[in-house]
Amino acid sequence: MRKIYRQWLCMAVLLCQITVQAAENGAVVRGSVKDVQGNPIAGVVVTDGKNMTATDNRGMYLLDTDPVRQPMVYISTPADYVLPEKNGIADGFYRYQDAGKTENQCDFVLQKREKKTDEFVFIPISDPQVKNEKQLERFRSETIPDLVYTVDSLNVSETIGMQLGDLVWDAMNLYTPYRTTISDLGLTMFQVMGNHDFNLQYADMERTAEPAKGYGEKNYYEMFGPTDYSFNVGKVHVIAMKDIDYKGGKKYTERFTEEQLEWLKKDLSYVPEGTTIFLNVHAPVANTTVEGGDNVRNANALFRILRPYKAHIFSGHTHFYENTLPAAGIYEHNIGAACGAWWAGDVNRCGAPNGYLVVTVKGDDVKWRYKATGRPADYQFRLYKPGEFETQKQYVVANIWDWDIAYTVNWYEDGVLKGAMQQFDDEDQDYLNMEKGKRTGYHTRHMFRACPSSQAKKIKVEVKNRFGEIFTQEVEL
């Protein structure tokens, strides 16, 4: 009897192993990509988040897959076609597989652009991070009207938004009202997954033994689709990736998995070297102000993959504005959060105002400017009079949030050029005021100071960015 039981157990284990192997290696997904007239579209990249292929001359594809581990199949929309959307939110570029089948059919339909354009505006927005209806209402009543005003003022045929993660604050019940809030804004809105966008009851898919019982990305998948995907617009290849390795219960590490980096290599294998890349992630890769504590741990592996391209990385997570050039051909914009310092007031930890980035693209020419919520577009720095900045009482102080090494910052005393302002690092006074004077140690290096003479009556600060745009502010003493 025991022998029979052991034989039965061995057979059951073997059957289980065969079933798992079939799910992992024996399943396929096939389908087509056509235009709205039914014409096949060749060369469209198709992926399930792990495996990748491209459509043939008939617009057909066949892809090995595991519908349990890779529940979606999706395409990288070519630049000649309109980005699929529903109510202004990216949609229709992915299809769900049936996890109970070993063969799935997933077809896609794209609309040909009437006129191909190399000009568009790209708007990354980091960390709305709403945890209750009160915070969602601030996002709804402050950020959204400002964004709509900005979009309406742009003289371009296409605007693309990219939410850089932490859409909500562990509050899965807010996904639906959040989606409603960002619908129909006059642009096509894409999403990135942040550490607070997981269902904290579960680990992520990679760590989950039985996905059918739940996994961290499930709510996000159902609302917004895949986390690692790409599309093309103009001459730019745009990528979004999850860089949070989530263990469940708010425990995570900022990193890419090896499988994700392999996926990125495959994705870029279809992109000519020298192409401009927009990589969108939640956690930064090269923020130096926060001493790397919030950076992805395997940034160098990412840099090696991006080396043949001209890359702009857009990130959030830190609620701390910093621009860096971590490697040749790579520029990271770790931008200020829409919620600032978690909706405590109107500024981030570095003093940058709540807001978002506006990136103007013309062919391979990329320019950007930070847009402070509720402020004019040319509001690019904050100026403090002597006595207003607690640790710099004798100085005029400028906080220039979008500063980088190509900026020049000069000051004038009563109309006379006095030269460059002195850069220093400190905590921003507006942030300290918001925190009622409590110091947190969040020093920023986009601070500049100048010491006026005792006879000075007026000080002007002139800031020139890397594009030659000049912004000025004056204070009466």
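Note: the structure precedes this text.
About the criteria used
Residues numbered from 1 in each chain as written. Predicted model: local features only at pLDDT ≥ 70, side-chain atom pairs only at ≥ 80, totals over all residues. Heavy atoms only, no water. Core = buried A, V, L, I, M, F, W, Y, C linked by side-chain atoms within 4.5 Å. Buried < 20%, exposed > 50% of the residue type's maximum accessible area, 1.4 Å probe, protein only. Helix = DSSP H or I, 4+ residues; strand = E, 2+ residues; numbered from the N terminus. Contact = heavy atoms within 4.5 Å. Pairing = 2+ DSSP bridges. Axes fitted to C-alpha atoms, helices over the stretch in contact; angles between N-to-C directions. Salt bridge = Lys/Arg side-chain N within 4 Å of Asp/Glu carboxyl O. Phe/Tyr/Trp six-rings, centres within 6.5 Å; stacked < 30°, edge-to-face > 60°. Lys NZ or Arg CZ within 6 Å of the ring centre and 35° of its normal. Polar contact = N/O pair within 3.5 Å; in protein donor to acceptor, adjacent residues only side chain to side chain.

## What to know about the nonpolar core
Part 1 of the argument: Within the largest apolar cluster, 113 residues are counted, with the highest numbers of intra-cluster contacts made by Met162 and Phe278.
Part 2 of the argument: Broken down by element, the residue count for this core peaks at 6 residues, all from helix 6 (residues 299-306).
Part 3 of the argument: The contact partners of Phe278, leaving out residues within four places of it in the chain, are Phe120, Phe122, Val236, His237, Val238, Ile239, His312, Phe314, Val359, Val361 and Val366.
Part 4 of the argument: Val396, Met421, Ala456 and Val461 belong to the second-largest nonpolar core, a separate cluster that totals 18 residues.

## Some remarks on the sheet that holds strand 29 (residues 444-450)
Part 1 of the argument: A sheet is described by the order of its strands in space; here 4 strands give the open sequence 24-25-29-28, paired in antiparallel fashion. The open sheet has two edge strands, strand 24 (382-384) and strand 28 (422-426), and neither has a second partner. Neighbour-to-neighbour, the strand axes of the sheet open up by a mean angle of 30 degrees, direction not taken into account.
Part 2 of the argument: In terms of strand pairing, strand 28 meets strand 29 through 4 bridges, oriented antiparallel. Note that in strand 29 the partner of Phe424 across the bridge is Met447.

## Some details on the pattern of salt bridges
Part 1 of the argument: Summed over the entire model, instances satisfying the criterion amount to 28 salt bridges.
Part 2 of the argument: Across the pair Glu142 and Arg138 runs a salt bridge, and its minimum N-O distance is 2.8 Å. Here Glu142 pairs with Arg138, and both are found in helix 2 (residues 133-153), just 4 residues apart, close to one helical turn.
Part 3 of the argument: When the shortest N-O distance is used, the salt bridge between Lys310 and Asp364 registers 4.0 Å.

## So, the packing of aromatic side chains
Part 1 of the argument: What the rule picks out here adds up to 25 aromatic pairs.
Part 2 of the argument: For the pair Phe122 and Phe278, a centre-to-centre distance of 5.2 Å together with 50 degrees between the ring planes defines the contact as tilted. Taken together, the residues Phe122 in strand 11 (residues 119-125) and Phe278 in strand 18 (residues 276-280) connect sequence positions 156 residues apart. Like Phe122, the residue Phe278 is buried in the burial classification.
Part 3 of the argument: Summarising the aromatic geometry, the rings of Tyr178 and Phe224 are spaced 6.0 Å apart at their centres and angled 80 degrees between planes, so their arrangement reads as edge-to-face. Taken together, the residues Tyr178 in helix 3 (residues 175-181) and Phe224 in helix 4 (residues 218-224) connect sequence positions 46 residues apart. Take Tyr178 and Phe224: they sit in the same class, and that class is buried.
Part 4 of the argument: By the ring-pair criterion, three or more aromatic residues cluster together here, those being Phe93, Tyr94, Tyr96, Phe190, Tyr229 and Phe231.
Part 5 of the argument: One residue, Arg449, lies across the ring of Phe424, its end atom 5.1 Å from the ring centre.

## Some details on the side chain of Asp48
Part 1 of the argument: One can find Asp48 in the loop between strand 2 (45-47) and strand 3 (52-54).
Part 2 of the argument: Of the polar contacts made by the side chain of Asp48, one reaches the backbone nitrogen of Lys50; its length is 2.9 Å.
Part 3 of the argument: Only 2.7 Å separates the side chain of Asp48 from the backbone nitrogen of Asn51, close enough to count as a polar contact.

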